[in-house]
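So you can see what is in the structure, the chains are spelled out below.
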Amino acid sequence: PAKFDFHGSHQAGILAPVRRSTALLALDVTAADRAGLQRLFQTITERARFLTSGTAAPEVGISTVPSDSGILGPDGVAGGLTVTVGVGASLFDGRFGLASVKPAKLRTMEDFEDDALDRSICDGDLLIQLEADDADVVTHGVRELLRATRGDMQLRWRRDGFSSPPRPSGTPRNLMGFKDGTSNPLTSDAKAMKELVWTHGGENGEPAWVEGGSYLAVRVIRMLVEFWDRIGLDEQQQIFGRFRGSGAPLTGTKEFDDPHYELDSTGAVIQFNAHIRLANPRTAATANQRMLRRAFNYDAGVDANGNLDQGLVFTAFNQDIERQFVTVQKRLAGEPLVDYISPIGGGYYFALPGVKNASDWFGKGLF
Ligand code: HEM
């Protein structure tokens, strides 16, 4: 649909289908005190509610500063926009008296074994992700959000991404040519979402206010595409455990066939260290480690050495970031894929519960 309901018990951008264009904004709060932080959350809420509604900005006289940048023309455009707001561990450091309400599992992202993190593109007090059907709607949203909040928050880092239409069918592809997102828990499965995505107040050591929120792991992962494009198709497919063209597991023929890891009569195998096998061993004990991934590609031009700067903006929603993302990331340590990628940025955030109605606002439960 071209428009997602802003109000609800969860933020709309978490379960909505991945849209074509995104911007992730990591911000630091510069508001002086608790009251300033409340005002900031209220302003972000008001702007997000307005921008996602597709309402035209009010007209002002020609001698006045316009109330909107005009990027989308005079009419209101919803454009499939969602604005998803998360908070980082640093917001709870004492500046705003929030230490006692910190989500139990929220912390600063560590350096994993194969990481090359640039801390200037990690972390942040807030993470705001905009997604829309077209890039101009995202850019417009970024401008209007930042304009309204100047003085209370400052951009720390930003990463833009895009997703592809089905080519020729099924799930969008990443820049290694593989379909990415095939084996995700189904967003239509309420039980799975309850057990894998949403946090629950009073459970797992969580404060009451987190009900309906979710932990967001963001990883900006550069792909060494020049190297990748020089290896054979069979090696590429073994690395993931899937066929590049169809997205089918190497033990199947269609994208959504279930992979199986035991030797079967056809002799097809998925290697022990294949990405999908390490990421999801498909055992009873690891079933609650699954997460909801939303992958985007990025193409950031060229680096100082003349190499293409491309990769994946990996985002995943988790009920418990340790049990899910961290456990899986550790299991992926040293997988054959690491020779062709380099994680450079990202962070852990807590995606706030949804804004329930016109008088509710992001983060109200924190105060
Ligand atoms: C599956 C690519 C990083 C977790 C897949 C698949 C591909 C892929 C092609 C198979 C299709 C699918 O089910 O989506 C990549 C690339 C990465 C990357 C290119 C880095 C540039 C990660 C990271 C994690 C992760 C950092 C988590 C720590 C998973 C999981 C699955 C998966 C859980 C599903 C496995 C299953 O249920 O079969 N990935 N991935 N991936 N990936 Fe990744």
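Residues numbered from 1 in each chain as written. Predicted model: local features only at pLDDT ≥ 70, side-chain atom pairs only at ≥ 80, totals over all residues.

Caption draft 1: Spotlight on the overall build of the protein. Each helix and strand in the protein was counted, giving 8 helices and 8 strands. For 367 residues, the compact-globule estimate of 2.2 N^0.38 gives 21 Å, and the protein sits close to it at 21 Å. Dimensions of the protein, computed from C-alpha atoms along their principal axes, come out at roughly 75 × 45 × 40 Å. Classification of the 367 residues of the protein by burial places 41% in the buried group. Sequence-distant contacts in the protein: of pairs separated by 6 or more residues, those separated by 24 or more amount to 75%. (Helix = DSSP H or I, 4+ residues; strand = E, 2+ residues; numbered from the N terminus. Rg over C-alpha atoms; globule rule 2.2 N^0.38 Å. Buried ≥ 20, exposed ≤ 12 C-beta atoms within 10 Å, placed from the backbone. Contact = placed C-beta atoms within 7 Å.)

Caption draft 2: Region of the structure containing the nonpolar core. Of all hydrophobic cores here, the largest spans 81 residues; its most connected members are Leu126 and Ile128. Apart from the residues lying within four places of it in its own chain, the contact partners of Ile128 are Leu25, Leu27, Val83, Val85 and Leu145. (Core = buried A, V, L, I, M, F, W, Y, C linked by C-beta atoms within 7 Å.)

Caption draft 3: View of the site of the ligand. Around the ligand lies a shell of 24 residues, among which Phe178, Thr182, Ser183, Ala279 and Asn280 are the nearest. Elements with a minimum of two residues in the shell around the ligand: strand E5 (214-223), helix H7 (275-279), strand E7 (308-318) and helix H8 (322-331). For the shell around the ligand, the residue count by class is 13 nonpolar, 7 polar and 4 charged. (Near = placed C-beta within 6 Å. Nonpolar A, V, L, I, M, F, W, Y, C, P; charged D, E, K, R; others polar.)

Caption draft 4: Seen up close, H8. Residues of H8 that are buried: Gln324, Phe325, Val326, Val328 and Gln329. Along the long axis of H8, the arc covered by the buried residues comes to 160°, so they all point the same way. Turned more than 90 degrees away from the buried face of H8 sit Glu322 and Lys330, all of them exposed. Looking at the buried positions of H8, the neighbouring elements they touch are E5, H7 and E7. (Arc of directions from axis to C-beta.)

Caption draft 5: Representation of the pairing of E5 within the structure. The element E5 is extensively covered by neighbouring structure, given that 9 of its 10 residues are classed as buried. Relative to strand E8 (residues 341-351), E5 runs antiparallel, the two sharing 10 bridges. The residue bridging Arg219 from the neighbouring strand is Gly346, located in E8. The pairing of E5 with E7 spans 9 bridges and is classified as antiparallel. Directly across from Tyr215, in E7, lies its bridge partner Asn318. (Pairing = 2+ DSSP bridges.)

Caption draft 6: Expanded view of the environment of Lys364. Tracing the chain through its elements places Lys364 in the segment after E8. Once the C-alpha coordinates of Lys364 and Asp234 are considered, the two residues, 130 residues apart in sequence, prove to be 52 Å apart.

Caption draft 7: Here's a closer look at the confidence of the model for the protein. Residues at a pLDDT of 70 or more form 99% of the protein, whose mean pLDDT is 96. Predicted as a complex, the structure gets a pTM of 0.97 and an ipTM equal to 0.99. (pLDDT = per-residue confidence, 0-100.)

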